[in-house]
There are 2 protein chains.
Amino acid sequence: MSLAAYYGDFTVAAASENLTASQGKTLNVLRRGPASMSALATTLTCDASNMTGIIDRLEKRGLVRREPRPSDRRVKNVVLTAEGERVIDVIRGKMHTTQAGLNRLDEQERDTLYTLLERAFVPQDAAARP
Amino acid sequence: MSLAAYYGDFTVAAASENLTASQGKTLNVLRRGPASMSALATTLTCDASNMTGIIDRLEKRGLVRREPRPSDRRVKNVVLTAEGERVIDVIRGKMHTTQAGLNRLDEQERDTLYTLLERAFVPQDAAARP
DNA sequence: GCCATTGCTTGATGTTCTCAAGCATCGATG
DNA sequence: CATCGATGCTTGAGAACATCAAGCAATGGC
């Protein structure tokens, strides 16, 4: 199935940087900007207690940083470090299959695809380009 | 990101039937017909030893059956049981978000979307309709 | 100040995932 | 045939992931 191809590819690319799929997805979400633990959990549709462990491991490797949010001291803002940014860029660059797949379409077709996906699946949020 | 929405939805639907995402994906693949352990592992981009455990648990719940392949006694063919078919149908029916998203497109747009996805991501296989 | 709510963490339990190792079968080659 | 490399699956160990219940700290309304 089409979408599985995308995720399989992402998993392989993430693994090449010694990251699990969940860690890769988390970095990918953080590319858009800092987010609280609960916001990450919501986006990745998992329990908040789950994010604690994932962020723990990413932080231990210096890819991510927990910062307090002054306006609400309960909240931890998770931020990509420079190294984290580098790693997620490398991963995205390595997604050969997806890139090759998208290259099979011309520019106008790619635009159409993105527009349709956006309308179908993203009610609230800006579209992310695979 | 658009594709994450699809999988989040699938995860929730699978959980409502007390299945994990991996178990749900496995049943979903088997909808197309029986497959060997290694074929499943390839499709789901994971290790063969991984499938053993997943199929073990699905089999214990009667959703799936291992059958020997007479032409090659090393191979185990994994087959959906009637109950397994019922469960995966329920799950697919529960994917409200995806359904609602696709309903936001008219028929011609859906066709375009499927065609583009197919051309971009599925070189070898028939297209699967989400 | 009280108290329900929210945000995050901890601990327990089961599942997933990967790797290395193992056993059985197959197919080809001598 | 007999052997031997390759293939299909399983097992076991160790890490990560997932979910739930419980807990603590901070918040905001009363």
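Residues numbered from 1 in each chain as written. Chains lettered and ligands numbered in written order. Predicted model: local features only at pLDDT ≥ 70, side-chain atom pairs only at ≥ 80, totals over all residues. Heavy atoms only, no water.

(A) Here's a closer look at helix 5 (residues 82–93) of chain A. All names here are of chain A. Look at helix 5: 17 Å from first C-alpha to last across 12 residues, which is about the 16 Å you get at 1.5 Å a residue. Burial in helix 5 covers these residues: Gly84, Val87, Ile88, Ile91 and Arg92. Seen along its axis, helix 5 keeps its buried residues to an arc of 135°; they face one direction. (Helix = DSSP H or I, 4+ residues; strand = E, 2+ residues; numbered from the N terminus. Expected span 1.5 Å × (residues − 1). Buried < 20%, exposed > 50% of the residue type's maximum accessible area, 1.4 Å probe, protein only. Arc of directions from axis to C-beta.)

(B) Highlighting the pairing of strand 3 (residues 72–80) of chain B. Residue and element names in this part refer to chain B. Looking at chain direction, strand 1 (residues 35–36) and strand 3 are connected through 2 bridges and run antiparallel. Paired with alanine 35 across the strands is valine 78, a residue of strand 3. Direction of pairing for strand 2 (residues 64–69) relative to strand 3: antiparallel, over a ladder of 6 bridges. Along strand 3, the bridge assignment pairs proline 68 with lysine 76. Here strand 2 folds back onto strand 3 in antiparallel fashion, the turn holding 2 residues. (Pairing = 2+ DSSP bridges.)

(C) Broad picture of the pattern of salt bridges. One pass over the full model with this rule turns up 12 salt bridges over all chains. Between glutamate 17 of chain A and lysine 94 of chain A there is a salt bridge, and its shortest N-O distance comes to 3.4 Å. You can see glutamate 17 of chain A sitting in the loop between helix 1 (2–16) and helix 2 (21–30) and its partner lysine 94 of chain A sitting in the loop between helix 5 and helix 6 (96–103), a full 77 residues away along the chain. A salt bridge links arginine 74 of chain B to aspartate 72 of chain B, with the shortest nitrogen-to-oxygen separation between them at 2.9 Å. Within the structure, one salt-bridge network assembled from shared partners comprises Asp56, Glu59 and Arg66 of chain A. (Salt bridge = Lys/Arg side-chain N within 4 Å of Asp/Glu carboxyl O.)

(D) Expanded view of the protein's contact with DNA strand C. Residues in contact with DNA strand C amount to 22 residues; listed here are only the nearest, Arg66 and Arg74 of chain A together with Thr20, Ser49 and Arg57 of chain B. Across the atoms of DNA strand C situated within 4 Å of the protein, the share located in sugar and phosphate is 71%. Measuring from a sugar or linking oxygen of DNA strand C, one finds a side-chain N or O atom of asparagine 50 of chain B at 3.1 Å. Listing elements by their share of the surface near DNA strand C, those giving two or more residues are helix 3 (37–43), helix 4 (48–60) and strand 3 (72–80) of chain A together with helix 2 (21–30), helix 4 (48–60) and strand 3 of chain B. A total of 4 residues in the surface near DNA strand C trace back to one element, the largest contributor, which is helix 4 of chain B. Looking at the surface near DNA strand C, its residues break down into 5 nonpolar, 9 polar and 8 charged. (Near = heavy atom within 4 Å. Polar contact = N/O pair within 3.5 Å; in protein donor to acceptor, adjacent residues only side chain to side chain. Nonpolar A, V, L, I, M, F, W, Y, C, P; charged D, E, K, R; others polar.)

(E) A look at unusual backbone geometry. Here the phi dihedral of asparagine 18 of chain A falls at roughly 60°; this positive angle occurs in a residue that is not glycine. For asparagine 18 of chain A, a relative accessible area of 61% puts it in the exposed group. In this model, threonine 45 of chain B sits at a positive phi of 40°, which is unusual for a non-glycine residue. Looking at the element boundaries, threonine 45 of chain B is found in the loop between helix 3 (37–43) and helix 4. Residue classification places threonine 45 of chain B among the partly exposed positions, given a relative accessible area of 45%.

(F) The sheet that holds strand 1 (residues 35–36) of chain A, seen in detail. Residues and elements named next belong to chain A. Reading across from one edge, 1-3-2 is the order of the 3 strands in this open sheet, with antiparallel pairing throughout. The open sheet has two edge strands, strand 1 and strand 2 (64–69), and neither has a second partner. Taken strand by strand, helix 2 contacts strand 1, strand 2 and strand 3, and its axis lies near 100° from that of strand 3. (Contact = heavy atoms within 4.5 Å. Axes fitted to C-alpha atoms, helices over the stretch in contact; angles between N-to-C directions.)

(G) Quick peek at the side chain of glutamine 23 of chain B. Mapped onto the secondary structure, glutamine 23 of chain B falls in helix 2. Non-local contacts of glutamine 23 of chain B, meaning those with residues more than four positions away in its chain, are made with Asn18, Ile54, Arg57 and Leu58 of chain B.

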